[in-house]
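Residue strings, one per chain:
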Amino acid sequence: MKTRLLGWGAGMVLALSCLLGPAPTSSQQQSKVARIGILVLSTQEEGGASRAIAKKLQEIGNAQGRTAIFELRYANWQHERLAAQAAELVRLKVDVIVAITNIPGFAARKATDRIPIVVWGIHGGVETGLVRSLARPGGNVTGIESLAPELDAKRLELIKLIVPNLTRLGVIYNPDDPGGRVHLLSMRDSARTLGVGIETIEVRRPEDFDNVLTSTAAASMDGLLTFSDDVTSSFWPKVGDFALKNRVPTLCEFRFMVQIGCLVSYGPSLDEFTARVVHQVDQVLKGAKPADIPVEQATRFEMLVNKNTAKALGITIPRAVLLKADEVFE
């Protein structure tokens, strides 16, 4: 399998005409131009959530006779750059900051307690202190919660059904993401119940994958699971290539991962993430305060199976799992 970079939280390039939208009519000239900041950990070259968000916001703005300017800031995988980029968006006096996942969300919140912040892909929002509660987030941050701890237990149960003799599960996660640590605690609780040992595999930057995936420890796991953040998702193909080469079953979260070789996934719809975040941004631009906009949780979840990967691994997917699957890739 050839490695590709597909990250769901990555940056994008927009043509000037797309950024500014159509030329305003005389009536539109009376209205304020919305200035929207988008803060991303990844690089400009990689497509993903920011592209989808900007496109949807542009469509809504056009329909409402509202023009928009997007200020996109890419950290190029350097966490330390996010603080300066968030501060720059504050100096530009953007009307709202869209942060792609937790780490940019925390950087934006540290930079301002005044400008509204909408986070695409919060995980462990309450436990990490990013928001006060889901119903009443308080402060200037809202968004959509992506990784409810209950899902971690269901993912573990799922891979245990497929690999009954699983006793050692490698968990690939970014320890710099506070949400990852929250879900690791939840996963360990579930693993103890099922008699599964958890081995953590830490990746903070893209270059970490080559080091951790060449270790004998990773290859000796009975299965590999990823907690999704910008880094782990963008470079998941490296995990998939490694797992197939070493015949290690993989469990992941999103559809695109199964489409490129993950054995099985269980998680929310990324399209729903984008639609809900865009709606929240639109509410903010109409005057709503983030403190009064509940943090939404995904409502649509799907289980997907890749039978080609199962065949390559010499695994027979139980019929009960196949019957429950929303889609099976063959």
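See above for the structure.
From a predicted model like this one, the values you see are computed outputs, not experimental measurements.

Draft legend 1. Up close: the packing of aromatic side chains. For the structure shown, the criterion picks out six aromatic pairs. Residues Y173 and F227 carry aromatic rings whose centres are separated by 6.4 Å and whose planes lie at 70° to one another, so their mutual orientation is edge-to-face. One end of the pair, Y173, is in strand β6 (residues 168-173); the other, F227, is in the loop between β8 (223-226) and α10 (230-234), and 54 residues separate them in sequence. Residue classification places F227 among the buried positions, given a relative accessible area of 6%. An aromatic cluster is defined as three or more aromatic residues linked by ring pairs; in this entry it consists of W77, F209 and F235.

Draft legend 2. Focus on the pattern of salt bridges. Going through the model one piece at a time under the given rule, you end up with 17 salt bridges. Notably, a salt bridge pairs E327 with R255, separated by 2.8 Å at the nearest N-O pair. Taken as a pair, E327 in strand β13 (residues 327-329) and R255 in helix α12 (residues 255-259) lie far apart in primary sequence, 72 residues in all. A relative accessible area of 31% means that E327 is categorised as partly exposed.

Draft legend 3. Highlighting helix α7 (residues 178-194). Look at α7: 25 Å from first C-alpha to last across 17 residues, which is about the 24 Å you get at 1.5 Å a residue. Of the residues one or two after α7, G195 is the one with positive phi, at around 70°.

Draft legend 4. How the structure looks around the packing of helix α3 (residues 81-91) against helix α4 (residues 102-111). Orientation of α3 relative to α4, taken along the N-to-C sense of each, is 50°, at an axis distance of 8 Å. One element, α3, and the other, α4, form an angle in the oblique class. The way α3 lies across α4 gives a crossing that is right-handed. Contacts between α3 and α4 involve L82, A83, A86, A87 and V90 from the former and I103, P104, A107, A108 and A111 from the latter. By residue class, the composition of the contact of α3 with α4 is 10 nonpolar, no polar and no charged.

Draft legend 5. Here's a closer look at the sheet that holds strand β12 (residues 301-306). What the seven strands build is an open sheet, ordered β7-β6-β8-β9-β10-β12-β13; its pairing is mixed. For this open sheet the edge positions go to β7 (197-202) and β13, each flanked by a neighbour on one side alone. Within the sheet, the average angular offset between the axes of one strand and its neighbour, ignoring direction, is 20°. Direction of pairing for β8 relative to strand β9 (residues 250-252): parallel, over a ladder of two bridges. Across the sheet, L225 pairs through a bridge with L251, a residue of β9.

Thresholds, definitions, all that
Residues numbered from 1 in each chain as written. Predicted model: local features only at pLDDT ≥ 70, side-chain atom pairs only at ≥ 80, totals over all residues. Heavy atoms only, no water. Phe/Tyr/Trp six-rings, centres within 6.5 Å; stacked < 30°, edge-to-face > 60°. Helix = DSSP H or I, 4+ residues; strand = E, 2+ residues; numbered from the N terminus. Buried < 20%, exposed > 50% of the residue type's maximum accessible area, 1.4 Å probe, protein only. Salt bridge = Lys/Arg side-chain N within 4 Å of Asp/Glu carboxyl O. Expected span 1.5 Å × (residues − 1). Axes fitted to C-alpha atoms, helices over the stretch in contact; angles between N-to-C directions. Parallel < 35°, antiparallel > 145°, perpendicular 65-115°, else oblique. Left-handed = near helix turned anticlockwise from the far one by under 90°. Contact = heavy atoms within 4.5 Å. Nonpolar A, V, L, I, M, F, W, Y, C, P; charged D, E, K, R; others polar. Pairing = 2+ DSSP bridges.

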